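Chains, contacts and geometry: an overview
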Amino acid sequence: MVGGGTEAFPDLGEHCQNPDCKLLDFLPFTCDGCKLVFCLEHRSYKSHDCPKSDHGSRTVSICETCSTAIETTGFDEEGIKSLLEKHERSGDCDPKKKKKPICPVKRCKEILTFANNLTCKDCGVKFCLKHRFPTDHVCKKKTITINSGTTSSRWNDKFMEALRLRNEKGCGRETSVSSSSPSIRSF
């Protein structure tokens, strides 16, 4: 079998280069490691035991002192140790950096990472996703100055007040039934 295709379209598709497959695939994948062609089933590095699967990968080591990630791509064990020692001597290694920020809401122990925090638009403080809304944390409102020079509170104060009133009254939780019977009309 040369290349691939069918009698009608000889240049269409290629055969999978996995020795156990040889499937004619019309949308073949070329491995960016070994540069061989594979079908959908054998396209991953692991499925065809690619000898060059780590050609573009990067490795990172974490400093034990300050939790900083240091790229160690292409270094052996001794090289990694020397890079970490160089980092510690550089002055960039600060043990104070090791402590992770936590959500400022009282009794919340959630560690804030790059993916699980949000800055409140009203007070400008970072909170965990559970406490991201102003009603979920004690929001210290910033005041906004309007062009006329007067100071006005947030634009959604009316909404927040309505929400507070709704929660107090239990709106939607209980329905009151009228004691009078509805009037019946006959036509």
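Everything in this summary refers to the structure shown in the same document.

Calculation notes
- Residues numbered from 1 in each chain as written.
- Predicted model: local features only at pLDDT ≥ 70, side-chain atom pairs only at ≥ 80, totals over all residues.
- Heavy atoms only, no water.
- Helix = DSSP H or I, 4+ residues; strand = E, 2+ residues; numbered from the N terminus.
- Buried < 20%, exposed > 50% of the residue type's maximum accessible area, 1.4 Å probe, protein only.
- Contact = heavy atoms within 4.5 Å.
- Areas by Shrake-Rupley, 256 points an atom, 1.4 Å probe, with all protein chains shown as cover.
- Core = buried A, V, L, I, M, F, W, Y, C linked by side-chain atoms within 4.5 Å.
- Disulfide = S-S within 2.5 Å.
- Phe/Tyr/Trp six-rings, centres within 6.5 Å; stacked < 30°, edge-to-face > 60°.
- Lys NZ or Arg CZ within 6 Å of the ring centre and 35° of its normal.

Along its length, the protein carries 2 helices and 10 strands. Counted from the first residue to the last, the protein has its helices and strands arranged as β-β-β-β-β-β-α-β-β-β-β-α. Residues counted as buried form 24% of the 187 residues belonging to the protein. If you take every contact in the protein between residues at least 6 apart in sequence, the share linking residues at least 24 apart comes to 12%. Within the structure as shown, the protein displays about 15400 Å² of accessible surface, and the carbon and sulfur contribution to it stands at 55%.

A word on unusual backbone geometry. With phi around 65°, Lys-35 is a residue other than glycine that occupies positive phi space. Accessibility expressed as a relative area gives 58% for Lys-35, which makes it exposed. Even without being glycine, Asp-49 reaches a positive phi, approximately 50°. For Asp-49, the location among the structural elements is in the loop between β4 (37-38) and β5 (60-62). According to the relative accessible area criterion, Asp-49 is exposed, its value standing at 66%.

Okay, the nonpolar core next. Cys-103, Val-105, Cys-108, Leu-112, Cys-120, Cys-123, Phe-127, Cys-128 and Cys-139 together form the largest nonpolar core, which totals 9 residues. In this structure Cys-120 touches Val-125, Phe-127, Pro-134, His-137 and Cys-139, once residues within four positions along its chain are discounted. Counting 6 residues, the second largest nonpolar core, distinct from the first, contains Cys-31, Phe-38, Cys-39 and Cys-50.

Covalent bonding between the sulfur atoms of two cysteines is what defines a disulfide. All told, the structure shown has 0 disulfides when counted by the stated rule. Its sulfur unpaired, Cys-123 is 3.7 Å from the next cysteine sulfur, which belongs to Cys-120.

Let us look at the packing of aromatic side chains. What describes a pair of aromatic rings is the distance from one ring centre to the other and the angle between the planes of the rings. One pass over the full model with this rule turns up 0 aromatic pairs. Just above the ring of Phe-29 sits the side chain of Arg-43; from NZ or CZ to the centre is 4.9 Å.

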